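Spelled out, the chains give:
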Amino acid sequence: MAVPAIRTAGLTKRYGPLCALDALDLTVPAGKVFGFLGPNGAGKSTTIRMLLGLARPTSGRAWIFDADAADVAAAHRSIAYVPADVALWPALTGAEALELLGRLGPGVDRVYRDELVDRFALDPSKPGRAYSTGNRQKVALVAAFATRVPLLVLDEPTSGLDPLMEREFQVAVAQARERGQTVFLSSHQLAEVEAVCDQVAILRGGRLVEVAGVAELRRLHRSQVEVSFAEVAPDLSGVAGVETVEQVGPARLRFTLTGPPAPALRALSAVEVTALRIHEPTLEEIFLDYYQQPSR
Ligand SMILES: Nc1ncnc2c1ncn2[C@@H]1O[C@H](COP(=O)(O)OP(=O)(O)OP(=O)(O)O)[C@@H](O)[C@H]1O
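Quick caveat, the model's predicted, so the values are computed rather than measured. (Residues numbered from 1 in each chain as written. Predicted model: local features only at pLDDT ≥ 70, side-chain atom pairs only at ≥ 80, totals over all residues. Heavy atoms only, no water.)

K.L.:
If you had to explain the domain arrangement of the chain to someone new, which residues and values would you point to?
P.N.:
Along its sequence, the chain is carved into domain 1 (6–217) and domain 2 (222–280). Taking only C-alpha atoms into account, the centre of domain 1 sits 44 Å from that of domain 2. (Domains from an automatic or database assignment.)

See below:
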């Protein structure tokens, strides 16, 4: 099997009595777009700082492909990083910053870089000090997407981008995946995660609460079903996946359904169903569910 792009084993960070990250075991397969989600203070940035060798784990280890994350020189040969809060050199123009950042990695696709400068509507002639927050972010994103490094670590990279640029970002992520690069994306933008990620990990209170494919997350979660029937109410007691059955009208039931719908459909087929409405949870509802579960 291919070496994972990122692997952590028991990765833990304590700040005095606070456990910011508690024994994280995570595997990010190479070539995937992997979302890293969680409410404020969940431990996402702490994890990223340890992956980048910017903070030392209290215990546990992390690897970037074959390199120990603590071996910064080796690990960074495979990583391009875009922080949430991009700082640029005030006196260098955007073009000069792109050159400098390009020299850090194993090579730059210059033609693609010029294309991205256009697509992100970036004026590369301005000095760093004159860029807005969003434009600084664009410089860092263009530099990262134009490198040929196998792993892009993006920490809330689109917080300062407008919707048009957000769309360009999503296209660039898809193109990175097509080239075989791995993208590790920490984000609060759930629509973005839904649009670009193959898999997501959800962190809460320093602990990993879920790792799943986006489609799988939907399957794991409850749908609301409303059924209207002609005369006799269907008997749903003991049907696999059916819970909280309520009578919501003289000939209408509402219930929640988890997992495969076949048993519920079989039970419903015993009566004359006149209407059936299934509401699948949106990804936003699913995430809010995870985020709002009571903490440890
Ligand atoms: N240097 C530090 N000293 C003390 N506590 C810290 C330090 N850095 C982070 N923390 C704490 O560790 C916890 C995890 O913080 P972290 O920044 O990793 O969360 P996050 O998931 O990135 O949140 P956000 O979405 O707000 O960026 C928080 O409770 C934070 O206050």
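There's more to say after this.
K.L.:
Quick one: what's the story with the site of the ligand, residue by residue and with numbers?
P.N.:
By nearness alone, 13 residues border the ligand, and Gly-41, Gly-43, Lys-44, Ser-45 and Thr-46 come closest of all. Side-chain polar atom of Ser-45 to an oxygen atom of the ligand: 2.8 Å apart, as the coordinates give it. His-188 has a polar side-chain atom sitting 2.9 Å from an oxygen atom of the ligand. Against a free-state accessible area of 640 Å², the protein chains account for coverage of 59% of the ligand. Elements that contribute at least two residues to the shell around the ligand include exactly strand S2 (18–28) and helix H1 (44–51). Here the shell around the ligand takes three residues from H1, the largest share from any one element. A per-class count over the shell around the ligand returns five nonpolar, six polar and two charged. (Near = heavy atom within 4 Å. Polar contact = N/O pair within 3.5 Å; in protein donor to acceptor, adjacent residues only side chain to side chain. Areas by Shrake-Rupley, 256 points an atom, 1.4 Å probe, with all protein chains shown as cover. Helix = DSSP H or I, 4+ residues; strand = E, 2+ residues; numbered from the N terminus. Nonpolar A, V, L, I, M, F, W, Y, C, P; charged D, E, K, R; others polar.)

K.L.:
Can you break down the sheet that holds strand S5 (residues 67–68) residue by residue, with the values?
P.N.:
If you trace the four strands from one edge of the open sheet to the other, you get S2-S1-S4-S5, paired in antiparallel fashion. Pairing within the sheet leaves two strands with one partner each, and these edge strands are S2 and S5. Relative to strand S4 (residues 59–64), strand S1 (residues 6–15) runs antiparallel, the two being bridged by five bridges. Within S4, the residue paired with Arg-7 across the bridge is Trp-63. Lying over the sheet, H1 contacts S1, S2 and S4, oriented at roughly 115° with respect to S1. (Pairing = 2+ DSSP bridges. Contact = heavy atoms within 4.5 Å. Axes fitted to C-alpha atoms, helices over the stretch in contact; angles between N-to-C directions.)

K.L.:
Go over the packing of aromatic side chains with me, naming the residues and quoting the values.
P.N.:
The full count for this structure, using the stated rule, is four aromatic pairs. Residues Phe-36 and Phe-184 carry aromatic rings whose centres are separated by 4.9 Å and whose planes lie at 35° to one another, so their mutual orientation is tilted. One end of the pair, Phe-36, is in strand S3 (residues 33–37); the other, Phe-184, is in strand S8 (residues 182–186), and 148 residues separate them in sequence. Of the two residues examined, Phe-36 and Phe-184, each falls in the buried class. (Phe/Tyr/Trp six-rings, centres within 6.5 Å; stacked < 30°, edge-to-face > 60°. Buried < 20%, exposed > 50% of the residue type's maximum accessible area, 1.4 Å probe, protein only.)

K.L.:
Break down the pattern of salt bridges for me, with residues and values.
P.N.:
With the rule as written, the count across this model stands at twelve salt bridges. Of the charged contacts, one joins Asp-109 and Arg-148 as a salt bridge, the two residues approaching to 3.7 Å between their closest N and O atoms. On the criterion of sequence distance, the pair formed by Asp-109 in the loop between helix H3 (94–102) and helix H4 (110–119) and Arg-148 in the loop between helix H5 (133–146) and strand S7 (151–155) is long-range, its members being 39 residues apart. Residue Asp-109 is classed as partly exposed on the basis of its relative accessible area of 23%. (Salt bridge = Lys/Arg side-chain N within 4 Å of Asp/Glu carboxyl O.)

K.L.:
Just give me the short version of the packing of H5 against helix H6 (residues 163–178), but keep the residues and values in it.
P.N.:
At a minimum axis distance of 11 Å, the contact between H5 and H6 shows a crossing angle of 15°. In this view, H5 runs roughly parallel relative to H6, as classed from their interaxial angle. As for the relative orientation of H5 and H6, their crossing is left-handed in sense. Facing Lys-138, Leu-141 and Phe-145 of H5, the residues of H6 in contact are Met-165, Phe-169, Ala-172, Val-173 and Ala-176. Classifying every residue of the contact of H5 with H6 gives seven nonpolar, no polar and one charged. (Parallel < 35°, antiparallel > 145°, perpendicular 65-115°, else oblique. Left-handed = near helix turned anticlockwise from the far one by under 90°.)

K.L.:
Can you lay out the environment of Gly-213 for me, pointing to particular residues and giving the numbers?
P.N.:
With respect to the helices and strands, Gly-213 occurs in strand S10 (residues 207–213). The exposure class of Gly-213 is buried, given its relative accessible area of 13%. Linking Gly-213 and Phe-34, residues 179 residues apart in sequence, is a C-alpha distance of 9.2 Å. Setting aside its immediate chain neighbours within four residues, Gly-213 contacts Asp-198 and Gln-199.

K.L.:
Describe in detail the nonpolar core, supporting the description with residues and values.
P.N.:
In this structure, Phe-145, Leu-152, Leu-154, Phe-169 and Phe-287 are the most contacted members of the largest nonpolar core, which totals 46 residues. If you tally residues by element for this core, the top one is H5, at seven residues. Once residues lying within four places of it in the same chain are set aside, the contact partners of Phe-169 are Phe-120, Leu-141, Phe-145, Leu-154, Pro-157, Thr-158, Leu-161, Leu-185 and Glu-192. Counting residues in hydrophobic clusters, the runner-up holds 28 residues, among them Phe-36, Leu-52, Ala-55 and Ile-79. (Core = buried A, V, L, I, M, F, W, Y, C linked by side-chain atoms within 4.5 Å.)

K.L.:
How would you explain the pairing of strand S13 (residues 252–257) if you had to name every residue and give the values?
P.N.:
As judged from the six bridges shared by strand S11 (residues 223–229) and S13, these two strands associate in the antiparallel manner. Its bridge partner lying in S13, Val-227 is registered against Leu-253. Hairpin connection, strand S12 (residues 242–249) to S13: the antiparallel pair is bridged by two residues.

K.L.:
Give me H6: which residues, what numbers.
P.N.:
An α-helical turn contains 3.6 residues, so any two residues separated by three or four positions project in the same direction. A rise of 1.5 Å per residue sets the reference length of H6, with its 16 residues, at 22 Å; its end C-alpha atoms lie 23 Å apart and thus fit the reference within 8%. Residues Met-165, Glu-166, Phe-169, Ala-172, Val-173 and Ala-176 constitute the buried set of H6. In an axial view of H6, the angular spread of the buried residues amounts to 120°, which keeps them on one side of the axis. Along H6, exposed side chains directed more than 90 degrees from the buried face belong to Pro-163, Leu-164, Arg-167 and Glu-178. The secondary structure elements touched by the buried residues of H6 are S3, H4, H5, S7, S8 and helix H7 (190–196). (Expected span 1.5 Å × (residues − 1). Arc of directions from axis to C-beta.)

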